[in-house]
Amino acid sequence: TIPFDRSAIRNAEARSISMVEVFVESVRRALGILHELNRQRVSSVHHLHQTTGLPKPTIVRLLDTLIALGYVVNDRRQGGYQVTSLVRSLSAGFHG
């Protein structure tokens, strides 16, 4: 399955912080794919299926979208998918 840190929600609930959580499943899935792609130099659909538990057709659709947006490329010589330098821009506002 795709990693998701539920401890943050449990901790917030324990501190009686009012939280409204709305999850958009496709966003969670796409970020899970990016997370896994970022861990490997090159990943295949089969590998992504094994590590995320997502159906292969879903993975292909998400990869097609991420390719169209410029975050992923399909490197046929390497035999799979990899992130592009555009992924780095996702953390540009983080100053933590």
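To start, this report covers the structure provided alongside it. This is a predicted model, so every value here is computed, not measured. (Residues numbered from 1 in each chain as written. Predicted model: local features only at pLDDT ≥ 70, side-chain atom pairs only at ≥ 80, totals over all residues. Heavy atoms only, no water.)

**Comments concerning helix α2 (residues 25–39)**
So, step 1. If you check α2, its first and last C-alpha atoms are 21 Å apart, about what 15 residues at 1.5 Å a residue would give, namely 21 Å.
So, step 2. Looking at α2, one finds that the buried residues are Ala30, Gly32, Ile33, Leu34, Glu36 and Leu37.
So, step 3. Considering only its buried residues, α2 is in contact with α3 (45–52), α4 (56–68), β1 (72–75) and β2 (80–83). (Helix = DSSP H or I, 4+ residues; strand = E, 2+ residues; numbered from the N terminus. Expected span 1.5 Å × (residues − 1). Buried < 20%, exposed > 50% of the residue type's maximum accessible area, 1.4 Å probe, protein only. Contact = heavy atoms within 4.5 Å.)

**Section: the pattern of salt bridges**
So, step 1. Tallied over the full model, the rule gives 3 salt bridges.
So, step 2. One salt bridge connects Glu25 with Arg28, and the closest N-O pair in it is separated by 2.4 Å. With Glu25 and Arg28 both in helix α2, this residue pair falls 3 residues apart, about one helical turn.
So, step 3. By relative accessible area, Glu25 is classed as partly exposed at 36%.
So, step 4. Taken together, the shared-partner salt bridges connect Glu25, Arg28 and Arg29 into one network. (Salt bridge = Lys/Arg side-chain N within 4 Å of Asp/Glu carboxyl O.)

**Brief notes about the packing of α2 against α4**
So, step 1. The geometry of α2 relative to α4 is characterised by a closest axis approach of 10 Å and an angle of 80° between their N-to-C directions. On the basis of their axis angle, the class for α2 and α4 is roughly perpendicular. Here Ser26, Arg29, Ala30, Ile33, Leu34 and Leu37 of α2 lie close against α4, whose contacting residues are Thr58, Ile59, Leu62, Leu63 and Leu66.
So, step 2. When its residues are assigned to classes, the contact of α2 with α4 shows 8 nonpolar, 2 polar and 1 charged. (Axes fitted to C-alpha atoms, helices over the stretch in contact; angles between N-to-C directions. Parallel < 35°, antiparallel > 145°, perpendicular 65-115°, else oblique. Nonpolar A, V, L, I, M, F, W, Y, C, P; charged D, E, K, R; others polar.)

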